[in-house]
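So you can see what is in the structure, the chains are spelled out below.
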Amino acid sequence: NANWTASRLARAAGEFAGMVHFEIGPGDADAFVETLKGLEAGGLKLVVTKSNPAQVASTHRLLDLHLVGEDRVGIVSTLTGMLVGRGISIETMQTEVIRNSSDGKQTFQINAQLLVPSSVSNEALEQDLGTLAHDMMLDIALGDKGLGRA
């Protein structure tokens, strides 16, 4: 008896990928994994891991991040480097390139949920993101506060 509690399913670059989280009793986990692995005979590639329920520690908080700007090499690398430098984890992240048919330019956007240590103030994070927005000509919003371009 497994309970499907969360999932992320998407098609990217012609391939379909997904992540599914099931809640299942520890006594039933091994049999459930074997049942799932039986799907590989039909051509699916599976990776199964066991985990404990995740909880946000009282020393962290969740913040939403939205970024949009003209597509260029290095946006994700620069953003993630800055976040790692602050001890910030990415809980979820979706990226997309949107092609503008009228001028042929491509817009890149990120929607992410960040796990931010309480030692990092919103003001410090906003300052770092504001610098990134200015340097890369991006529009960035953290939570409900739009940082815009500096």
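Shown above is the structure to which this text applies.
Scoring rules and cut-offs
- Residues numbered from 1 in each chain as written.
- Predicted model: local features only at pLDDT ≥ 70, side-chain atom pairs only at ≥ 80, totals over all residues.
- Heavy atoms only, no water.
- Helix = DSSP H or I, 4+ residues; strand = E, 2+ residues; numbered from the N terminus.
- Rg over C-alpha atoms; globule rule 2.2 N^0.38 Å.
- Buried < 20%, exposed > 50% of the residue type's maximum accessible area, 1.4 Å probe, protein only.
- Contact = heavy atoms within 4.5 Å.
- Areas by Shrake-Rupley, 256 points an atom, 1.4 Å probe, with all protein chains shown as cover.
- Lys, Arg positive; Asp, Glu negative; His and termini not counted.
- Charge placed at Lys NZ, Arg CZ, Asp CG, Glu CD.
- Salt bridge = Lys/Arg side-chain N within 4 Å of Asp/Glu carboxyl O.

(A) Region of interest: the overall build of the protein. Each helix and strand counted, the protein has three helices and seven strands in total. Reading the secondary structure of the protein in the N-to-C direction produces β-β-α-β-α-β-β-α-β-β. Its C-alpha atoms give the protein a radius of gyration of 19 Å, more than 25% over the compact-globule value 15 Å for 150 residues. With 150 residues in all, the protein has 21% of them scored as buried. Long-range pairs, those at least 24 residues apart, make up 53% of the contacts in the protein between residues at least 6 apart in sequence. Summed over all atoms, the accessible surface of the protein reaches about 10300 Å², with 50% contributed by carbon and sulfur. Averaging the coordinates of the 12 positive side-chain charges in the protein and doing the same for the 18 negative ones gives two points 4 Å apart.

(B) Representation of the environment of L46. Its location among the elements puts L46 in the loop between α1 (29-37) and β3 (60-70). Separated by 11 residues in the primary sequence, L46 and T35 have C-alpha atoms spaced 12 Å apart. When near neighbours in sequence (up to four residues on either side) are disregarded, L46 contacts L36, K37, L39 and E40.

(C) Layout of the pattern of salt bridges. Applying the stated rule across the entire model yields one salt bridge. Close ionic contact of R86 with D128 constitutes a salt bridge, the shortest N to O distance being 2.5 Å. Taken together, the residues span a long stretch of sequence, with R86 in the loop between α2 (75-85) and β4 (89-99) and D128 in helix α3 (residues 122-136) at a distance of 42 residues. The class for R86 is partly exposed, based on a relative accessible area of 31%. The class of D128 is partly exposed, set by a relative accessible area of 22%.

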